[in-house]
Amino acid sequence: MEAKEFKEFSSAMTNYIAEYLENIRDRQVVPSVKPGYLRPLVPEQAPEKPEPWTAVMDDIERVIMSGVTHWHSPRFHAYFPTANSYPSIVADMLSGAIACIGFTWIASPACTELEVVMLDWLGQMIGLPEEFLARSGGEAGGVIQGTASEATLVALLGAKSRTMHRLKEQHPEWTEVEILSKLVGYCNKQAHSSVERAGLLGGVKLRSLAPDNKRRLRGDTLKEAIEEDTRNGLIPFYVVATLGTTSSCAFDALDEIGNVCKEKDIWLHVDAAYAGSAFICPEYRYLMKGVEKADSFNFNPHKWMLVNFDCSAMWLKQPRWIVDAFSVDPLYLKHDQQGSAPDYRHWQIPLGRRFRSLKLWFVLRLYGVENLQKHIRKHIALAHLYEKLCLEDDRFELYEEVTMGLVCFRLKGSNDINEALLRRINGRGKIHLVPSKIDDVYFLRLAICSRYSEENDIRESWAEVKASANEVLAGN
Ligand code: PLP
């Protein structure tokens, strides 16, 4: 493709994108296609001769949009949000044009250096203590991982190498295999499944602990488990505290957990994948009290801070436990400036990495902190509006206190009736929700996801839920 055609194609695509997003509300949120719908819509083989870009444009509605779930529709209330904004889309275009693989500083200095500075900006925005930031002058700093799952695994590997190092100093006669077989980590039973998976991938035991009646992991529970395991000859080495659990957006008692981790010299990782974005608003920082006791902290601007996937921000106080422990240094990746700036290949699992900090730079500059705060506050206010509407109807109850942009609610009564309600809501096809279950109680989750959501949309979503409830309760 020549530059002239590229300009025509990209400008047609830009127009298409703007139209798509501005009118997304009018589309059916979940498509009605069946598995295998796409194959008959495209040829069996790749074309031998090039096609014009207009042919591709012509197929987008027919082949792609007919099978898209519209995550940015105000009618989409499933899971947690995934972020989307024009500045971020444009930044990804530039990233695609530069198309560098920034694994070392020299592989593209701007890629590394902008990331270091953006993670400092972002860290300050959410009120992270200086000890996490590169600008503090020490070894600490931030890195963009692809996902929160990767951050949890990277932190676990850091915890593992720190503990291994300490124990080998204290007990030179112990073998690595012996130590590994005794390592045990901890998380809330309500932690995301990626925490358990990090344990499996890292080859260590992970215990999920019972939360209190507000679904929070408490310090005492953690301490008891650690002491029990220590008596049984195990070696506690890693704790994940969740701020904003996936099922119901509950917040672990970070301050209490931090005290236990400090006392027992255990690596504390904070998973604030969704809720972390809210800490740009000072009024929500009480939920991260005790963060200074953590060793690593992670949240996903790609969930709730208008930066498109993938952008998972992670800070480490002592990256050396990852950088040094898992360093392989072949000649072709060495360079003269090694040591004077981070070589991010050592901070992550893969070698290759895109220029993702551009998205942060564009979004932070073009929105400003002020408008990002407005976005968060608006979503939380909309969740409270839904909560109010729901509570005005005495057939319904809340399952969890509403703190962020998630409302966990159910019809008073059996799980079966609530399962029928969800089937009915999704079956009517106007809005989309997913359920969750805690302690055998089935409930529905309504997440405020779209940056286009307005009060009217929430009232309409509530009307849909109410109409579905009417049908289910009438036995229709
Ligand atoms: N942690 C929590 C609390 C989450 O809610 C999620 C996803 O919703 C994750 C981790 C996984 O996030 P990712 O897809 O970035 O790995």
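As the structure is a prediction and not an experimental result, all values here were calculated from the model.

A. Summary view of unusual backbone geometry. For the bond from Phe 309 to Asp 310, the omega torsion is 5°, close enough to zero to count as cis. With respect to the element layout, Asp 310 can be found in the loop between α10 (301–304) and β7 (312–316). A positive phi angle, near 55°, is found at Asp 265, a position not held by glycine. Along the chain, Asp 265 falls in the loop between α9 (254–264) and β5 (267–271).

B. Geometry of a nonpolar patch on the surface. There is a patch of nonpolar side chains on the surface, built from Met 1, Phe 6 and Met 93 and spanning about 340 Å² of accessible area. Here Phe 6 shows up in helix α1 (residues 3–22). Under the relative-accessibility criterion, Phe 6 is labelled partly exposed at 44%.

C. View of the site of the ligand. Neighbouring residues of the ligand: 14 residues in total, closest Ala 148, Ser 149, Thr 246, Asp 271 and Asn 300. Here a nitrogen atom of the ligand sits 2.6 Å away from a polar atom, N or O, in the side chain of Asp 271. Asn 300 is positioned with one of its side-chain polar atoms (N or O) 2.9 Å from an oxygen atom of the ligand. Burial of the ligand by the surrounding chains reaches 87%, relative to a free accessible area of 400 Å². Elements that contribute at least two residues to the shell around the ligand include exactly α5 (148–170) and α10.

What counts as what
- Residues numbered from 1 in each chain as written.
- Predicted model: local features only at pLDDT ≥ 70, side-chain atom pairs only at ≥ 80, totals over all residues.
- Heavy atoms only, no water.
- Helix = DSSP H or I, 4+ residues; strand = E, 2+ residues; numbered from the N terminus.
- Patch = residues over 30% accessible without salt bridge, like charges linked within 9 Å, V, L, I, M, F, W, Y side chains within 5 Å.
- Areas by Shrake-Rupley, 256 points an atom, 1.4 Å probe, with all protein chains shown as cover.
- Salt bridge = Lys/Arg side-chain N within 4 Å of Asp/Glu carboxyl O.
- Buried < 20%, exposed > 50% of the residue type's maximum accessible area, 1.4 Å probe, protein only.
- Near = heavy atom within 4 Å.
- Polar contact = N/O pair within 3.5 Å; in protein donor to acceptor, adjacent residues only side chain to side chain.

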